[in-house]
Amino acid sequence: MSGRHYELLELLQNADEQMVYQAGQPWAEKKKRFPVSAWACAACIALVIFAGTVGIFHEQVVAAIREFTTRISEIIVNRKDLQPYTEVINQTQTKDGVSMTLDEVVLDSHRILATVEVSSDVPVVIDDRGLSNQWPLLASVKMDGEYLDSLMMSQYMTDLPGQYVLEYSVEEGEIPQNFSEVELFINYGMTNAESQWENKVDFTYSFAATKQELLRKSATIPIDADITAGDGLVFHLEEITYTDASARMKMTCNKEPGTRTEEDGDSYYSLPYYYSLDVEDDRGNCMSFDVLENSYNDETRGLTCESFLGTPPEESTAYLDISLVRFKPVFVMEEENGKEPEEEKVGEIRVGLEH
């Protein structure tokens, strides 16, 4: 585990602002999530300390999770069967007035999803800007005693108090081919009325893995197409690698898309916009991919795109409709009344596939 992850465990307040999906709306109108950058967080403490100690809570949240269950497939609006990837945990721990139940964990080839239910002696307060005074974060993961380096950590609040989905995406090849024990380190943070960091409760859940053989079962769809990203930037979409549980897209850029900063021995990359790609196949399966700025490779100009919401494409699909939108990064403290920054569609293509 790198030094930047130890910093993150100690400094939970360095989380970026979080957006919650509204999957009940038409696909084109769904809201995008803003991923937590593990590298940028460790380097931007002063800048995002306020944004990191709150989470945006929208009045309307995913329709598919209004009746909350422990089926992650319903929460992420995935029509495929995730049972083969799902470990049912149902472990409850209580510490310092906070009770947390880890319901389910989905283990995929490049990410971990967990559903938790939390209750606290401190009431959850949503202010007039839509900001919550407490939230959980899956801060770190171990498999067989080894930490997994992360690309992104995100959390999503349902419209039922105390219920969350936690996401932990890892770098390529980080999840081992074979493992038996998994440890999840979940932080639960609380702030005071002035949105100042007040308390953090740490939870550790350990369980035996039974579904790890499925991590090797993935398929790849070659894309090999360009899509404009605005301001002279072009993304070359290479391929989508997916399982029934999730999908990841690889792409390269025609020019340097952002800037790299070195600070206190750490390096982080930042893009001028948040970019998101909506992908729909000819069967109506839709997914939304976020471009992860941490993943930028200086030598290849490569970027990784991660999908949280939707159903992966079918291997036999005839085409993919892909649209690219961008959001100007805006910190929560600069937003008015919790309003999301407006999205701008900058590119749209249809990619025919050969089989």
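For the structure, check the block above.
Residues numbered from 1 in each chain as written. Predicted model: local features only at pLDDT ≥ 70, side-chain atom pairs only at ≥ 80, totals over all residues. Heavy atoms only, no water.

Observations concerning the side chain of Glu293
Stated formally: In this description a helix means any DSSP run of H or I spanning at least four residues, a strand means any run of E spanning at least two, and both kinds are numbered starting from the N terminus. Here's how the labels work: a residue is buried when its accessible area is under 20% of the maximum for its type, exposed when over 50%, partly exposed in between, all with a 1.4 Å probe on protein chains only. By the counting rule applied here, Lys and Arg register as positive and Asp and Glu as negative, while His and the ends of each chain are not counted. Salt bridges are counted wherever a side-chain nitrogen of Lys or Arg sits within 4 Å of a carboxyl oxygen of Asp or Glu. Here a polar contact is taken to be a pair of N or O atoms separated by no more than 3.5 Å, where protein atoms must pair a possible hydrogen donor with a possible acceptor and residues adjacent in sequence count only if both atoms sit in side chains.
For Glu293, the location among the structural elements is in strand β16 (residues 286-297). No salt bridge is formed by the buried Glu293. Its closest oppositely charged neighbour is Arg260, at 10 Å. For Glu293, the side chain forms a polar contact with the main-chain nitrogen of Leu271, separated by 2.8 Å.

A few points about a negative patch on the surface
Spelled out, the test is: Candidates for patches are residues over 30% relative accessible area with no salt bridge; among them, like charges are joined within 9 Å and nonpolar side chains (Val, Leu, Ile, Met, Phe, Trp, Tyr) within 5 Å. The protein chains shown are the only cover counted for residues, whose accessible areas, like all others here, come from Shrake-Rupley with a 1.4 Å probe. Taken as the charge location is NZ of Lys, CZ of Arg, CG of Asp or CD of Glu.
Together, Asp224, Asp226, Glu238 and Glu239 make up a negatively charged patch on the protein surface. Secondary-structure assignment places Asp226 in strand β10 (residues 219-230). For Asp226, a relative accessible area of 47% translates into the label partly exposed.

Let's talk about the packing of aromatic side chains
Basically, it comes down to this: Stacked, tilted and edge-to-face are the three classes assigned to paired rings of Phe, Tyr and Trp, where Trp is represented by its six-membered ring and a pair needs centres within 6.5 Å; plane angles under 30 degrees give stacked, over 60 edge-to-face, the rest tilted. Definition used: whenever NZ (Lys) or CZ (Arg) falls within 6 Å of the ring centre and also within 35 degrees of the ring normal, the charge is taken to sit over that ring.
Under the counting rule described, the total for this entry stands at four aromatic pairs. An angle of 35° between the planes, with centres 5.9 Å apart, marks the rings of Tyr147 and Phe185 as tilted. Placement of the pair is Tyr147 in strand β5 (residues 146-147) and Phe185 in strand β8 (residues 181-191), with a sequence separation of 38 residues. Relative to Tyr275, the ring of Phe235 lies with its centre 5.2 Å away and its plane at 80°, an arrangement referred to as edge-to-face. Of the two residues, Phe235 sits in strand β11 (residues 233-242) while Tyr275 sits in strand β15 (residues 274-281), which places them 40 residues apart along the sequence. Counting every residue linked through ring pairs, the aromatic cluster contains Phe235, Tyr273 and Tyr275. One residue, Arg326, lies across the ring of Tyr273, its end atom 4.0 Å from the ring centre. The residue whose ring lies beneath Arg350 is Tyr319, and the NZ or CZ to ring-centre distance is 3.9 Å.

Some details on unusual backbone geometry
At Asp224, a residue that is not glycine, the phi angle is positive and equals roughly 55°. Residue position: Asp224 is located in strand β10. Notably, Asp231 is not glycine yet its phi reads approximately 55°, a positive angle. Structurally, Asp231 is set in the loop between β10 and β11.

Side note on the nonpolar core
This is how it is decided: We call a set of buried residues a nonpolar core when its members are Ala, Val, Leu, Ile, Met, Phe, Trp, Tyr or Cys and they connect through side-chain atoms within 4.5 Å of each other.
Ranked by size, the top nonpolar core spans 34 residues in total, and within it Val105, Ile112 and Leu184 carry the most contacts. Membership of the second largest hydrophobic core comes to 33 residues, among which are Ala225, Ala247, Phe289 and Cys305.

Regarding the pattern of salt bridges
What the rule picks out here adds up to eleven salt bridges. Glu306 is the salt-bridge partner of Arg248, the closest N and O atoms lying 2.6 Å from each other. Here Arg248 is found in strand β12 (residues 247-253), whereas its partner Glu306 is found in strand β17 (residues 302-310), with 58 residues between them in sequence. For Glu306, a relative accessible area of 0% puts it in the buried group. Close ionic contact of Arg326 with Glu344 constitutes a salt bridge, the shortest N to O distance being 3.0 Å. With Arg326 in strand β18 (residues 319-327) and Glu344 in strand β19 (residues 343-352), this residue pair connects regions lying 18 residues apart in the sequence. On the basis of relative accessibility, which here comes to 7%, the residue Arg326 falls in the buried class. Given a relative accessible area of 38%, Glu344 falls into the partly exposed group. Members of the salt-bridge network, linked through shared partners, are Lys80, Asp244 and Glu314.

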